[in-house]
Amino acid sequence: MKKVLLASAVSMALVGAVNANEHSGTYAFDKKGAHQFITFKISHLGYSWLYGRFNDFDGEFVYDAENPENSTVNVTIDTASVDSNHAERDKHLRSEDFLYVDEYPEATFKSTRIELDDDGDEADIIGDLTLRGVTREITLEAEMLGHGEDPWGGYRMGFEAETELRLADFGIPMDLGKASETVQIEISVEGIRQ
């Protein structure tokens, strides 16, 4: 079970219907406030879903309100933080069969371009995901959730994104069967403008 991502990943996220330049800036993920999630699900034998998440990841996005296509996102994930709510399974996920965290303790996502949809509130964030030592281009389907001032005098912006990864594409050797060749990743991040 990967991360993604991304992102996330990821991240995660980037681009929306923000028109004022005052919203531009660099936003750090709200790691301290725990307003961020990278979750995944993968089929178990085609009979049910196995869910999990990565508890430790960080990143930032640079948002260009005037030209959202010029925005960027970078995410770093601690692969050992994988959590499927089952200690023995998590130990297996950290092993050479899956994430191989002893050799590859981090996964990263770096955006390379952003493509807006027609109305500008959703975007494809295309970038390089490096997982288990393999780098491949992936696409995060992202949506801006909102932005504005917070109660503490800061300014925040939030996104969610999703993608699907093929395990074999990232060198994961464990064969889980036809129904489990891909893992779905969902990312939700809230950034605080720096």
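A short tour of the structure in this document, coming up. Note that the structure is a prediction, hence the values are computed from the model and not measured.

Scoring rules and cut-offs
- Residues numbered from 1 in each chain as written.
- Predicted model: local features only at pLDDT ≥ 70, side-chain atom pairs only at ≥ 80, totals over all residues.
- Heavy atoms only, no water.
- Helix = DSSP H or I, 4+ residues; strand = E, 2+ residues; numbered from the N terminus.
- Buried < 20%, exposed > 50% of the residue type's maximum accessible area, 1.4 Å probe, protein only.
- Areas by Shrake-Rupley, 256 points an atom, 1.4 Å probe, with all protein chains shown as cover.
- Contact = heavy atoms within 4.5 Å.
- Core = buried A, V, L, I, M, F, W, Y, C linked by side-chain atoms within 4.5 Å.
- Lys, Arg positive; Asp, Glu negative; His and termini not counted.
- Salt bridge = Lys/Arg side-chain N within 4 Å of Asp/Glu carboxyl O.
- Polar contact = N/O pair within 3.5 Å; in protein donor to acceptor, adjacent residues only side chain to side chain.

Attention now goes to the overall build of the protein chain. The helix and strand inventory of the protein chain stands at 1 helix and 11 strands. Counted from the first residue to the last, the protein chain has its helices and strands arranged as β-β-β-β-β-β-α-β-β-β-β-β. Taken over 194 residues, the protein chain has a buried fraction of 43%. Accessible surface, the protein chain as shown: approximately 9,600 Å² in total, 43% of it carbon and sulfur.

Attention now moves to the environment of S48. Along the polypeptide, S48 turns up in strand β3 (residues 48–54). Non-local contacts of S48, meaning those with residues more than four positions away in its chain, are made with I42 and S43.

Here we take up the nonpolar core. Counting residues in hydrophobic clusters, the biggest one holds 42 residues, and the most contacted among them are F61, Y63 and F109. Here this core takes 5 residues from strand β10 (residues 155–166), the largest share from any one element.

Okay, the side chain of R132 next. Locating R132 in the fold gives a position in the loop between β8 (122–131) and β9 (134–149). Buried within the structure, R132 lacks any salt-bridge partner; E96 is the closest side chain of opposite charge, at an N-O distance of 5.9 Å. Reaching out from R132, the side chain makes a polar contact with the backbone oxygen of E96 at a distance of 2.4 Å. Looking at R132, its side chain comes within polar contact range of the main-chain oxygen of F98, at 2.6 Å. Excluding anything up to four places from it in sequence, R132 contacts E96, F98, L99, Y100, Y104, F170, G171, I172 and P173.

Note on placement: Y63 falls in strand β4 (residues 57–63). Separated by 38 residues in sequence, Y63 and G25 place their C-alpha atoms 5.4 Å apart.

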